[in-house]
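# Residue-level structure breakdown
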Amino acid sequence: MKERSSTYKTKQRDMILEELKKQGSRHLTVDDVILILHESGNDVGKSTVYRYLEKLSQEGIVKKYTVDGERSVCYQYLHSHKACSNHYHLKCEKCGKLIHMECETVDRLAEHILEHHNFHLNGAKCVFYGICENCTKGED
């Protein structure tokens, strides 16, 4: 009986990893992953998804981001398990969309902060808040 349970858990983990790969570099919450799995006909428990995403994060297969303090945690699949480059995020205050941003100007700002203020920015936790392009268009 234990072997069957172990096989089932491995199958669930394989499904989770496969769906993460399909999503590319999108930032996903545990609830996003559960919804994607449900829509593809695979129901997996929240605790299973959470534990496996944490394990993948520790193994360097996904990158874990904390947004809004401790409230929102997102995960991003790292193609070829490469270390993720230092990047920043834009968070829309209207729709909640989280946008991955690599920008030389912000990199120079981080260098300035280090050089002149002796402070290291953590790009994985650096989030700029505002209104995204889609929401701005909706305001017209």
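How each quantity is defined
Residues numbered from 1 in each chain as written. Predicted model: local features only at pLDDT ≥ 70, side-chain atom pairs only at ≥ 80, totals over all residues. Heavy atoms only, no water. pLDDT = per-residue confidence, 0-100. Helix = DSSP H or I, 4+ residues; strand = E, 2+ residues; numbered from the N terminus. Contact = heavy atoms within 4.5 Å. Salt bridge = Lys/Arg side-chain N within 4 Å of Asp/Glu carboxyl O. Buried < 20%, exposed > 50% of the residue type's maximum accessible area, 1.4 Å probe, protein only.

## Observations concerning the confidence of the model for the chain
- On average, residues of the chain score 81 in pLDDT, and 83% of them are at 70 or above.
- Mean pLDDT per element in the chain: helix α1 (residues 2-22) is the minimum at 73, and helix α2 (residues 30-39) is the maximum at 93.
- Within the model, the stretch residues 1-6 combines pLDDT values under 50 with zero contacts to residues more than four positions away or in other chains.

## A closer look at the pattern of salt bridges
- Summed over the entire model, instances satisfying the criterion amount to five salt bridges.
- For K55, the salt bridge is made with E59, and the minimal N-O distance between the two is 2.7 Å.
- The shortest N-O distance in the salt bridge between E133 and K137 comes to 3.6 Å. Placement of both E133 and K137 in helix α5 (residues 133-138) is noted, with a separation of four residues, approximately one turn of the helix.
- Residue E133 is classed as exposed on the basis of its relative accessible area, which comes to 56%.

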